[in-house]
Amino acid sequence: MKNRYSFYKIRFGRIEKLANRRLGKSPDEGKLKFSDVVMFLATLLLFGVHYIPESVEYHREIEILIAVGVFGIGLFLTYYRMAPRPCWAKASAATAMLALVWSVLPWILLWADEVDVEFAQNLTICSAIMWLAFICCFLRLRYIRRRSRQEIAMMRLREKRRRKAQYL
């Protein structure tokens, strides 16, 4: 893909950055964000690090729930500053994909003899939490779509009334 603000191999990054800012595009796209670090930490907590001693009863289930909570915080940090409609659309898509991966991946790992059955069952149960989060995000998205359709209809009605009153 050809860059608009370049000449052969010389790039005019400053001009490109200013033009993208003027067009409303974020100049820091592609940079590592704090929410990405939090979600990476959650993945490490889920698959790598065992930080609760084995003497604690249900230690693995507690670790999984903490990792799911940290991942939820990462998703929140990713989407909380966006406009409502794209925020909930992207959040519902992300939670659906994550829930699908968490539903299937443990059984693939079990088939490859990487994890035991109990761990696969626990991850699948935790995917139910993500499916519930997906349902909440999707219902919120439907509510926002319905509300925006109502507001647009009200604006059109007001404009129609104004035009009608203008001719009287």
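Here, every reference points to the structure presented above.
Computed from a predicted structure; not experimentally measured. (Residues numbered from 1 in each chain as written. Predicted model: local features only at pLDDT ≥ 70, side-chain atom pairs only at ≥ 80, totals over all residues. Heavy atoms only, no water.)

S.K.: Would you explain the environment of Ala67 in this entry?
M.R.: Within the element layout of this structure, Ala67 appears in helix α3 (residues 59-79). A C-alpha to C-alpha distance of 8.3 Å links Ala67 and Leu41, two positions 26 residues apart in sequence. The contact partners of Ala67, leaving out residues within four places of it in the chain, are Ala42, Leu45, Leu46 and Tyr51. (Helix = DSSP H or I, 4+ residues; strand = E, 2+ residues; numbered from the N terminus. Contact = heavy atoms within 4.5 Å.)

S.K.: Teacher, can you tell me more about the side chain of Thr95 here?
M.R.: Considering the arrangement of structural elements, one finds Thr95 in helix α4 (residues 84-111). A distance of 2.9 Å separates a polar side-chain atom of Thr95 from the backbone oxygen of Ala91. For Thr95, the contacting residues outside a window of four places in its chain are Leu75, Met130, Ala133, Phe134 and Cys137. (Polar contact = N/O pair within 3.5 Å; in protein donor to acceptor, adjacent residues only side chain to side chain.)

S.K.: So what exactly am I meant to see when it comes to a nonpolar patch on the surface here?
M.R.: A cluster of nonpolar side chains, Phe40, Leu44, Val49, Tyr51, Val56, Tyr58, Ile62 and Ile66, forms an exposed patch at the surface whose accessible area comes to about 690 Å². Of all the secondary-structure elements, those providing two or more residues to the nonpolar patch are α2 (34-47) and α3. Residue position: Ile66 is located in helix α3. (Patch = residues over 30% accessible without salt bridge, like charges linked within 9 Å, V, L, I, M, F, W, Y side chains within 5 Å. Areas by Shrake-Rupley, 256 points an atom, 1.4 Å probe, with all protein chains shown as cover. Salt bridge = Lys/Arg side-chain N within 4 Å of Asp/Glu carboxyl O.)

S.K.: Where do I start with the packing of aromatic side chains in this structure?
M.R.: The geometry of two aromatic rings is summed up by the distance between their centres and the angle between their planes. Counting across every chain of the model gives 4 aromatic pairs. On the numbers, 6.0 Å between centres and 80° between planes, the contact of Trp131 with Phe134 is edge-to-face. Here Trp131 pairs with Phe134, and both are found in helix α5 (residues 117-167), just 3 residues apart, close to one helical turn. Taken together, the ring pairs connect Trp131, Phe134 and Phe138 into an aromatic cluster. (Phe/Tyr/Trp six-rings, centres within 6.5 Å; stacked < 30°, edge-to-face > 60°.)

S.K.: Quick question: what am I supposed to make of the nonpolar core here?
M.R.: Counting 22 residues, the largest nonpolar core has Leu46, Ile64, Phe71, Leu75, Leu98, Trp102 and Met130 as the members making the most contacts within it. Among the elements of the structure, α2, α3, α4 and α5 are those that each provide at least two residues to this core. Per-element tally for this core: the top contributor is α3, with 7 residues. (Core = buried A, V, L, I, M, F, W, Y, C linked by side-chain atoms within 4.5 Å. Buried < 20%, exposed > 50% of the residue type's maximum accessible area, 1.4 Å probe, protein only.)

S.K.: Mind showing me how you'd approach a positive patch on the surface here?
M.R.: On the surface, a cluster of positive charge is made up of Arg85, Arg142, Arg145, Arg146 and Arg149. Take Arg142: it is sitting in helix α5. Relative accessible area serves as the criterion here: at 47%, Arg142 is assigned to the partly exposed category. (Lys, Arg positive; Asp, Glu negative; His and termini not counted. Charge placed at Lys NZ, Arg CZ, Asp CG, Glu CD.)

S.K.: Could you clarify how one ought to interpret the packing of α3 against α4 in this entry?
M.R.: Two numbers describe a pair of packed helices, the interaxial angle and the distance between the axes. Axis separation between α3 and α4 bottoms out at 10 Å; the angle between their running directions is 155°. Classed by the angle they form, the pair α3 and α4 counts as roughly antiparallel. At the point where α3 passes α4, the crossing takes the right-handed sense. Residues Val68, Phe71, Leu75 and Tyr79 of α3 form the contact with α4, whose own contacting residues are Cys87, Lys90, Ala91, Ala94, Thr95, Leu98 and Trp102. Residue classes in the contact of α3 with α4 are distributed as 9 nonpolar, 1 polar and 1 charged. (Axes fitted to C-alpha atoms, helices over the stretch in contact; angles between N-to-C directions. Parallel < 35°, antiparallel > 145°, perpendicular 65-115°, else oblique. Left-handed = near helix turned anticlockwise from the far one by under 90°. Nonpolar A, V, L, I, M, F, W, Y, C, P; charged D, E, K, R; others polar.)

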